[in-house]
Amino acid sequence: TLGKGVRYHPFEGTANDETEKPRLLRSLGPAPYSVLMLEDHGPVVACPTLEDAFACMYFLTRACKYQVRALSSVGGDLSRIHIPPEDTVNEMLKRIDNLGEVPGAGNKGMSHDTERLMFEAAQRAAERRFGAENIYQ
């Protein structure tokens, strides 16, 4: 999802004006996977399933954490951060598209639903920590 780009929506004040809906949809972009950064607010992810949305938000949050750490380590001076060359970025984007492939499976067509597995693992962790009876009421 992140490899498909992040879109931005300008801050328009409180979000209680019905006329903002079409502008938000236009900013969100085409389905099925979208990441929208609301200026002065934060991210919105729109994906076909809850599992996809969870994985998208997880990877987005992780990317943001690393960006903040990198900028902090150089005092905010973007010119001091190593930006990978375009061919490296393209290779990373290709790997994102193949996220569900089983490592070492070659071309045998073996894959798994990475997003579902991630969501189920987080769900089990939350149930252990907070108790299922406290979550599903």
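Notes on the structure in this doc start here. (Residues numbered from 1 in each chain as written. Predicted model: local features only at pLDDT ≥ 70, side-chain atom pairs only at ≥ 80, totals over all residues. Heavy atoms only, no water.)

This part takes up unusual backbone geometry. Although it is not a glycine, Asp-40 adopts a positive phi angle of roughly 65°. For Asp-40, the location among the structural elements is in the loop between strand E2 (34-38) and strand E3 (42-46). (Helix = DSSP H or I, 4+ residues; strand = E, 2+ residues; numbered from the N terminus.)

Reported here for the second largest pocket is a volume of approximately 240 Å³. As for the second largest pocket, its lining consists of 16 residues, and the residues nearest its centre are His-9, Ala-15, Glu-20, Leu-24 and Leu-38. Counting only elements with at least two residues in the lining of the second largest pocket, the list comes to helix H1 (20-28) and E2. Along the lines of polarity and charge, the residues of the lining of the second largest pocket split into nine nonpolar, three polar and four charged. (1 Å grid on protein atoms, 1.4 Å probe; cavity = no way out; pocket = protein on both sides within 12 Å on 5 of 7 lines; lining within 4 Å. Points joined across faces, edges and corners; volume = space filled by probe spheres on them. Nonpolar A, V, L, I, M, F, W, Y, C, P; charged D, E, K, R; others polar.)

Take a nonpolar patch on the surface next. A contiguous nonpolar surface patch, about 300 Å² in accessible area, is contributed by Phe-130, Ile-135 and Tyr-136. Here Tyr-136 is to be found in the segment after helix H5 (132-135). For Tyr-136, a relative accessible area of 46% gives the class partly exposed. (Patch = residues over 30% accessible without salt bridge, like charges linked within 9 Å, V, L, I, M, F, W, Y side chains within 5 Å. Areas by Shrake-Rupley, 256 points an atom, 1.4 Å probe, with all protein chains shown as cover. Salt bridge = Lys/Arg side-chain N within 4 Å of Asp/Glu carboxyl O. Buried < 20%, exposed > 50% of the residue type's maximum accessible area, 1.4 Å probe, protein only.)

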